[in-house]
Structure formats: structure tokens, C-alpha cells
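In case you want the letters, here they are:
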Amino acid sequence: MHSHSHHHSDEHRREVSNRLARAIGHLQKVKQMVENDEDCSDVLIQLAAVKSAINNTGKVILKDHLEHCIVHAVEEGDKEMIDELNDAIDKFIK
């Protein structure tokens, strides 16, 4: 995989980390609900919250990547990084 020299801001890293912490909290809640044999509908609703939190985190990462890394790659004519982004998007959206 291509290594780039762009460093993400502390604010960006904090935002992503906080979003991931919330997703982990939701997922831990789902596990607890299953262990407690709670209502399946409630479990599915909580799982939807996990999926939403992960998808939204992915959007934050993708937007930052486009605004910084990809802009730089285009300026430098780095086609490999753009190909890697397309591959990553395909895997993320599956």
C-alpha cells in the first residue's frame, strides 16, 4: 500500500477517535443485549446505530482524505494513490 506524507491534524484524529469510541460503545451494548437475551427488534435497532456510526466515521475519513491527500496526489500526478482510494472505496462500500 502507498505511504503518503500527509499528517492528519490532532483535531481530525480526535474526531475520528471519538466517533470510533461511540461505535465501540454501541457495539458493546449490542453484545450485552444479546447476552441478556433482550428483544431482537431492540438489538437490530442498536446494530443499526453501530452501522451508522461506522459509516459516518468512514465519511469523515474519506472527506479528509479527499481534501488533503488526494488533492496533493493530483497536484503531484500520483495516479497510484488515486487507484488505491478507488480500491478502498470499493471495499468500504461493499
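Before any of the text, the structure's been laid out above.
Residues numbered from 1 in each chain as written. Predicted model: local features only at pLDDT ≥ 70, side-chain atom pairs only at ≥ 80, totals over all residues. Heavy atoms only, no water.

1. Digging into the overall build of the chain
Here is step 1: Helices and strands together make up the secondary structure of the chain, namely three helices and zero strands.
Here is step 2: When its helices and strands are written in sequence order, the chain yields α-α-α.
Here is step 3: By its C-alpha atoms, the chain is 55 × 30 × 20 Å across when sized along the principal axes.
Here is step 4: Scored against the burial criterion, the 94 residues of the chain give a buried share of 22%.
Here is step 5: Sequence-distant contacts in the chain: of pairs separated by 6 or more residues, those separated by 24 or more amount to 60%. (Helix = DSSP H or I, 4+ residues; strand = E, 2+ residues; numbered from the N terminus. Buried < 20%, exposed > 50% of the residue type's maximum accessible area, 1.4 Å probe, protein only. Contact = heavy atoms within 4.5 Å.)

2. A few points about the nonpolar core
Here is step 1: Within the largest apolar cluster, five residues are counted, these being Cys69, Ile70, Ala73, Met81 and Leu85.
Here is step 2: Elements that contribute at least two residues to this core include exactly α2 (40–76) and α3 (79–93).
Here is step 3: Broken down by element, the residue count for this core peaks at three residues, all from α2.
Here is step 4: For isoleucine 70, the residues in contact, after removing those within four places along its chain, are His65, Met81, Ile82 and Leu85. (Core = buried A, V, L, I, M, F, W, Y, C linked by side-chain atoms within 4.5 Å.)

3. Section: a negative patch on the surface
Here is step 1: Residues Asp37, Glu38, Asp39 and Asp42 make up a contiguous surface patch of negative charge.
Here is step 2: When you line up the elements, aspartate 42 lands in helix α2.
Here is step 3: Residue classification places aspartate 42 among the partly exposed positions, given a relative accessible area of 39%. (Patch = residues over 30% accessible without salt bridge, like charges linked within 9 Å, V, L, I, M, F, W, Y side chains within 5 Å. Areas by Shrake-Rupley, 256 points an atom, 1.4 Å probe, with all protein chains shown as cover. Salt bridge = Lys/Arg side-chain N within 4 Å of Asp/Glu carboxyl O. Lys, Arg positive; Asp, Glu negative; His and termini not counted. Charge placed at Lys NZ, Arg CZ, Asp CG, Glu CD.)

4. Some points on the packing of α2 against α3
Here is step 1: Their axes nearest at 11 Å, the elements α2 and α3 cross at an angle of 170°. Viewed along their axes, α2 and α3 adopt a mutual orientation that is roughly antiparallel. Contacts between α2 and α3 involve Ile54, Asn55, Gly58, Leu62, His65, Leu66, Cys69, Ile70, Ala73 and Val74 from the first element and Met81, Ile82, Leu85, Ile89 and Phe92 from the second.
Here is step 2: The class makeup of the residues in the contact of α2 with α3 is 12 nonpolar, three polar and no charged. (Axes fitted to C-alpha atoms, helices over the stretch in contact; angles between N-to-C directions. Parallel < 35°, antiparallel > 145°, perpendicular 65-115°, else oblique. Nonpolar A, V, L, I, M, F, W, Y, C, P; charged D, E, K, R; others polar.)

5. Considerations on the environment of asparagine 56
Here is step 1: Inspection of the secondary structure puts asparagine 56 in helix α2.
Here is step 2: Given the relative accessible area of 28%, asparagine 56 is considered partly exposed.
Here is step 3: Sequence separation between asparagine 56 and leucine 20 is 36 residues, and the spatial gap between their C-alpha atoms is 9.8 Å.

6. Looking at a nonpolar patch on the surface
Here is step 1: Among the surface-exposed residues, Leu27, Leu44 and Leu47 lie close enough to one another that they form a single nonpolar patch of about 270 Å² accessible area.
Here is step 2: By secondary structure assignment, the location of leucine 27 is in helix α1 (residues 10–35).

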